[in-house]
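# Close look at the chain arrangement
One letter stands for each residue in the lines below.
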Amino acid sequence: MLFKNKIEYTKGMFVEIYGTEIKKVRLVLRIITGIAVVAAIAFMIYGAAARGFIMPGDFFNLGISILMALLCTFLPNLMARSQMKKCKKKGLLGERTLRFTEHVLTMTYEKEGRSTDIPLEQLAKVTEFDNYIRITIGGRSTFLDKKRFEIGEAAAFVTWAEDKIAENAEKEEEALALEEAAESLALEEGEAKTEESDEN
């Protein structure tokens, strides 16, 4: 066994992951909503000065702008809560153990006592966060806790996973090249038989 890790999905984990992933988007949204709040206040003051009173619509515009700003601030929490509900429905909560050999990832759900083997040829992506690592394998995302490696360590795992992904990509290219060569050979043989048939 090369690596062994224990992980339990929590809301805090998803808050960190989503907060990191949408960091740039949140920055843009904060700027936009900040400008909207300032603009709403400015129009309210200008309208009050011009009319001598504040219209209900001014409060509505300001309220909407503030609500959007708050939504932007708490967006990772809302996304994390939604993801936890999805995980609960799919039975993905509870502690799990991930064991990595040279060729297979064995994922064991401790509470249920069931295991799933996933060939590491399907390992496609690895992403590192502050406290967690996400791998994309078998068409889905799986997470590892950096602090809970029982065999190996986080930095070594990331390097190993990146090498494995590069190796998988190289094998895929070789397989594709062999497939194209076989198709080309079959086409040439077909053309040769056609020419022989025409001559006869």
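Quick look at the structure, then. (Residues numbered from 1 in each chain as written. Predicted model: local features only at pLDDT ≥ 70, side-chain atom pairs only at ≥ 80, totals over all residues. Heavy atoms only, no water.)

### So, the pattern of salt bridges
We count it as follows: Any carboxyl oxygen of Asp or Glu within 4 Å of a side-chain nitrogen of Lys or Arg constitutes a salt bridge here. Helix numbers and strand numbers start at the N terminus; a helix is a DSSP run of H or I with at least 4 residues, a strand a run of E with at least 2. For every residue, the accessible area (1.4 Å probe, protein chains only) is compared with the maximum for its type, and the residue is labelled buried under 20%, exposed over 50%, or partly exposed between those bounds.
Evaluated as defined, the whole model comprises 7 salt bridges. The salt bridge partner of E21 is R134, with a shortest N-O separation of 2.4 Å. Of this pair, E21 sits in helix α1 (residues 11-21) while R134 is found in strand β6 (residues 132-137), placing the two residues 113 residues apart along the sequence. Using a relative accessible area of 16% as the deciding quantity, one classes R134 as buried. Taking the shortest distance from any N to any O, the salt bridge between K171 and E167 comes out at 3.2 Å.

### Looking at a negative patch on the surface
What counts, and what does not: Each patch is built from residues lacking any salt bridge and having more than 30% relative accessible area; the joining distance is 9 Å for like charges and 5 Å for nonpolar side chains (Val, Leu, Ile, Met, Phe, Trp, Tyr). For the accessible areas, the method is Shrake-Rupley and the probe is 1.4 Å, while residue cover comes only from the protein chains on display. The positive count covers Lys and Arg only, the negative count covers Asp and Glu only, and His and the chain ends enter neither. By convention, charge coordinates are those of NZ in Lys, CZ in Arg, CG in Asp, or CD in Glu.
Among the surface-exposed residues, E170, E172, E173 and E174 lie close enough to one another that they form a single negatively charged patch. In this structure, E170 sits in helix α5 (residues 154-199).

### Things to note about the sheet that holds β6
Test applied: The criterion for strand pairing is that DSSP finds at least two bridges linking the strands in question. An axis is simply a line fitted to the C-alpha atoms; with a helix, the fit covers only the stretch in contact. Between two such axes, the angle follows the N-to-C directions and lies from 0 to 180 degrees. Throughout, a residue-residue contact means that at least one pair of heavy atoms, one from each residue, lies within 4.5 Å.
Pairing is antiparallel across the open sheet formed by 3 strands, whose spatial order is β5-β6-β7. Lying at the two open borders of the sheet, with one neighbouring strand each, are β5 (123-128) and β7 (140-145). Between one strand and the next, the sheet's axes are offset by a mean angle of 20°, whatever the strand orientation. The sheet contact formed by β6 and β7 spans 6 bridges and is antiparallel. The partner of I135 across the bridge, within β7, is T142. Here α1 sits on the sheet and contacts β6 and β7; the angle it forms with β6, its principal contact strand, is near 80°.

### Considering the packing of α1 against helix α4 (residues 75-90)
Test applied: Roughly parallel covers angles under 35 degrees, roughly antiparallel covers those over 145, roughly perpendicular covers 65 to 115, and oblique covers all other angles. If you view the pair so one helix is near and one far, a crossing is left-handed when the near helix is turned anticlockwise from the far one by less than a right angle, and right-handed when it is turned clockwise. Charged residues are taken to be Asp, Glu, Lys and Arg, nonpolar residues to be Ala, Val, Leu, Ile, Met, Phe, Trp, Tyr, Cys and Pro, and polar residues to be all remaining types, Gly included.
Running from N to C, α1 and α4 cross one another at 130°; their axes reach a closest spacing of 8 Å. If you check the angle between α1 and α4, you find them oblique. Seen from above, α1 lies across α4 with right-handed handedness. Along its contact with α1, which presents K11, F14, V15, Y18 and G19, the element α4 presents P76, N77, M79, A80, R81, Q83, M84 and C87. Class assignment of the residues belonging to the contact of α1 with α4 gives a composition of 8 nonpolar, 3 polar and 2 charged.

### Considering the side chain of D145
Secondary-structure assignment places D145 in strand β7. Buried and without a salt bridge, D145 has R148 as its closest oppositely charged side chain, separated by 4.9 Å.

### As for the nonpolar core
Let me state the cut-off plainly: Within this scheme, the nonpolar core is defined by two criteria: the residues are buried Ala, Val, Leu, Ile, Met, Phe, Trp, Tyr or Cys, and they are joined through side-chain atoms within 4.5 Å.
Judged by nonpolar contacts, the single largest core of 34 residues is most densely connected at F14, F100, L105, I133, I135 and F157. It is α5 that contributes the most residues to this core, 6 residues altogether. Among all residues touching I133, those that are not within four sequence positions of it are V126, T127, T142, F143, L144, K146, F149, A154, F157 and V158.

### Remarks on the side chain of T108
Just so we agree on the cut-off: Contacts described as polar in this section are N or O atom pairs within 3.5 Å, which, within protein, must combine one atom able to donate a hydrogen with one able to accept it, while residues neighboring in sequence count only if both atoms come from side chains.
For T108, the position within the fold is in strand β3 (residues 104-109). Side chain to side chain, T108 and R99 meet in a polar contact 3.2 Å long. Dropping the residues within four chain positions of it, T108 is found in contact with E95, R96, T97, R99, R114 and S115.

### Notes on the packing of helix α3 (residues 56-73) against α4
At a minimum axis separation of 4 Å, α3 and α4 run at an interaxial angle of 60°. When the axis of α3 is compared with that of α4, the two are oblique. Between α3, through L71, C72 and T73, and α4, the contact on the second element is made entirely by L75, P76 and L78.

### Here's the deal with a nonpolar patch on the surface
Judged by side-chain polarity, F60, I64, I66, L67, M68, L70, L71, F74 and L78 come together as a nonpolar surface patch covering roughly 840 Å² of accessible area. The leading source of residues in the nonpolar patch is α3, at 7 residues. Within the fold, M68 resides in helix α3. A relative accessible area of 42% means that M68 is categorised as partly exposed.

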